[in-house]
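Listed here are the chains, written in short residue letters.
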Amino acid sequence: MNPVATTYPESLGHASPVGGLATASTGIPLSQEDRSLIARLRNGDEGAFDELVNKHHSALIRMALGYVAAREVAEEVVQDTWMAVIEGLPRFEGRSSLRTWIFGILIHKAKDRGVREKRHTTFSAFESYDDDNDEAVDPSRFQPSGEWAGHWAFPPQPWDDQTPEKLLANRQAVNAMNQAIDALPKTLKDVLILRDVEGAEVKEVCEILKITETNLYVRLHRARERVRVAVETCLEGRPASL
Amino acid sequence: MKDYPSQWVAGGFTCRRIPARASDYIDGRLPLGAQVRVGLHLASCLHCRNYLTQLALVRDTLEQFPPIAIRPFDRLRLRRQFARVHPQHPFHCDHV
């Protein structure tokens, strides 16, 4: 892994070459939590750095896997990202949130790495995904005609007593969810990881991915639906396609 | 609960139109009018209630998804780099 000397503009996640924190100018104000964390990081508090890594590492790895094929490469991309964060912190102005800055760096590095590896030929292949009007739910699950047209033909069955904790304790269900997430197109995966796994606010996700809120929710719903179908198949033994 | 087609008409949506609005609905983002119409449909449609319950469960489970731990060697390397670039100050300052 190369030591990171490059800095990144906050517009793409980049620290500009001025110390101190400005008022955020990209719509998401820098939170008090971010300010406090940045102060601790600049004071050399290793515990603060561990906190930062623990908080975002999972989502960074999962997102990187949307751009590069191998887990090993994703780990390297994320390691490079953290190195860039360490190097860029003194110049981070706070014109975006810390998360927006870090994920901006990741996307920049992961795209670059993905293109260099040519494992994912073009990103535009996925970008067209949002332009189609496919329904999130398989249309064959609804009655096509008659008095009950538009009603469920193959309705979802109740998942009695299921809770997130019970689902997480079910290894097969977790594997099914992981596989469904891995199989998502990059544009859907980015949104699902940032919003549902990482817990970023809607505006923050839009800022990181440069998309509108409407677009975000179209993608988010399609991603959630694919994961839901994976869980449904796992719990009910329903074939993936009816 | 039994489904009554006439009530879907009152709600304005058939089941097929619910999924496109489901994530907005469970995240409380639908405009009031659409929220009422979806709510009216759900009141008489067990299947769509099941669908939304499942979708919300998936969302809530993802929030608690098991973390991917950083590899120990990677963490060590990052700590070293952090300590090199940001040597610890003797007095911490919480304000920037």
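Residues numbered from 1 in each chain as written. Chains lettered and ligands numbered in written order. Predicted model: local features only at pLDDT ≥ 70, side-chain atom pairs only at ≥ 80, totals over all residues. Heavy atoms only, no water.

Asks: Which parts of the structure should I look at to understand the interface of chain A and chain B?
Replies: Think of interface size as the accessible area that goes away when the parts come together; that is how it is often given. Each partner contributes to the interface: chain A provides 71 residues, whereas chain B provides 56 residues. Overall, the association of chain A and chain B removes approximately 5700 Å² of surface from exposure, summing both partners, and the carbon and sulfur fraction of that is 62%. Taken together, the links from chain A to chain B amount to seven salt bridges. Glu75(A) is paired through a salt bridge with Arg71(B); the nearest N and O atoms lie 3.7 Å apart. When contributions to the side of chain A that touches chain B are tallied by element, the ones reaching two or more residues are helix H1 (32-42), helix H2 (46-64), helix H3 (71-88), helix H6 (164-169), helix H7 (171-183), helix H8 (186-197) and helix H10 (213-236) of chain A. (Contact = heavy atoms within 4.5 Å. Buried area = accessible area lost by both parts, 1.4 Å probe. Salt bridge = Lys/Arg side-chain N within 4 Å of Asp/Glu carboxyl O. Helix = DSSP H or I, 4+ residues; strand = E, 2+ residues; numbered from the N terminus.)

Asks: Explain a nonpolar patch on the surface here, please?
Replies: Residues Leu32(B), Val36(B) and Leu40(B) make up a contiguous nonpolar surface patch of about 300 Å² in total accessible area. Checked against the element boundaries, Val36(B) lands in helix H3 (residues 32-44). (Patch = residues over 30% accessible without salt bridge, like charges linked within 9 Å, V, L, I, M, F, W, Y side chains within 5 Å. Areas by Shrake-Rupley, 256 points an atom, 1.4 Å probe, with all protein chains shown as cover.)

Asks: Would you take a moment to explain the packing of helix H9 (residues 202-209) of chain A against H10(A) for this structure?
Replies: Describing two packed helices takes the angle between their axes plus the distance from one axis to the other. Residue and element names in this part refer to chain A. Two numbers describe how H9 lies on H10: the axes approach to 10 Å, and their chain directions differ by 95°. With respect to H10, the axis of H9 lies roughly perpendicular. Across from Val202, Lys203, Val205 and Cys206 in H9, the residues of H10 making contact are Glu213, Leu216 and Tyr217. Among the residues making up the contact of H9 with H10, the classes are represented as five nonpolar, no polar and two charged. (Axes fitted to C-alpha atoms, helices over the stretch in contact; angles between N-to-C directions. Parallel < 35°, antiparallel > 145°, perpendicular 65-115°, else oblique. Nonpolar A, V, L, I, M, F, W, Y, C, P; charged D, E, K, R; others polar.)

Asks: Help me understand the environment of Leu194(A), please; the structure alone is not making it clear to me.
Replies: Residues and elements named next belong to chain A. Relative to the helices and strands, Leu194 is located in helix H8. Between the C-alpha atoms of Leu194 and Ile208, which are 14 residues apart in sequence, the distance is 9.1 Å. Filtering out sequence-adjacent residues up to four positions away, Leu194 remains in contact with Met63, Phe103, Gly199, Ala200, Val205, Ile208 and Leu209.

Asks: Is there a simple way to explain helix H4 (residues 46-63) of chain B in this structure?
Replies: Because each turn of an α-helix spans 3.6 residues, side chains separated by three or four positions end up pointing in the same direction. Between its first and last C-alpha atoms H4(B) spans 26 Å; for 18 residues at 1.5 Å apiece the expected length is 26 Å, and the two agree. Of all 18 residues in H4(B), 13 are buried; the element is thus mostly enclosed. (Expected span 1.5 Å × (residues − 1). Buried < 20%, exposed > 50% of the residue type's maximum accessible area, 1.4 Å probe, protein only.)

Asks: Looking at this structure, how should I read the confidence of the model for chain B?
Replies: The predicted structure's coordinates, where accompanied by low pLDDT, should not be read in detail. Residues and elements named next belong to chain B. For chain B, per-residue confidence averages 85 on the pLDDT scale, and 80% of positions sit at 70 or higher. Overall, residues 92-96 carries pLDDT values under 50, and its contacts beyond four positions in sequence, including any with other chains, amount to twelve contacts. Scored as a complex, the prediction yields pTM 0.82 and ipTM 0.82. (pLDDT = per-residue confidence, 0-100.)

Asks: I would appreciate a short explanation of the nonpolar core in the present structure.
Replies: Generally speaking, soluble globular proteins have nonpolar side chains that are buried together. Grouped together as the largest cluster of nonpolar side chains are 71 residues, with contacts concentrated most on Trp82(A), Leu209(A) and Leu216(A). Among all residues touching Leu209(A), those that are not within four sequence positions of it are Met63(A), Ile107(A), Asp190(A), Val191(A) and Leu194(A). Among the nonpolar cores identified, the runner-up in size contains 18 residues, and Trp152(A), Ala34(B), Cys45(B) and Leu52(B) belong to it. (Core = buried A, V, L, I, M, F, W, Y, C linked by side-chain atoms within 4.5 Å.)

Asks: Just to check I follow, could you spell out the confidence of the model for chain A for this structure?
Replies: All names here are of chain A. Scored by pLDDT, chain A has a mean of 83; 79% of the residues are at 70 or more. Note on residues 1-6: pLDDT is under 50 here. Beyond four places in sequence and across chains, it has eleven contacts. Considering only residues more than four positions removed or in separate chains, one finds that residues 11-19, a stretch of pLDDT under 50, has 31 contacts.

Asks: Would you take a moment to explain H2(A) for this structure?
Replies: Residues and elements named next belong to chain A. His56 marks the point of greatest bend in H2, at about 45°. For H2, the tally of buried residues reaches 14 of 19 residues, placing the bulk of the element in the interior. Among the residues of H2, the N-terminal cap falls to Asp45, whose side-chain oxygen and the backbone nitrogen of Gly47 are separated by 2.8 Å. (Bend = angle between axes of the 7 residues up to and from the residue. Polar contact = N/O pair within 3.5 Å; in protein donor to acceptor, adjacent residues only side chain to side chain.)

Asks: So what exactly am I meant to see when it comes to unusual backbone geometry here?
Replies: Both trends apply: most residues other than glycine have a negative phi, and most peptide bonds are in trans. All names here are of chain A. Even without being a glycine, Asp161 presents a positive backbone phi close to 60°. Within the secondary structure, Asp161 sits in the loop between helix H5 (124-127) and H6. Given a relative accessible area of 60%, Asp161 falls into the exposed group. Positive phi, normally seen in glycine, also occurs at Lys210, with a value near 55°. Looking at the element boundaries, Lys210 is found in the loop between H9 and H10.

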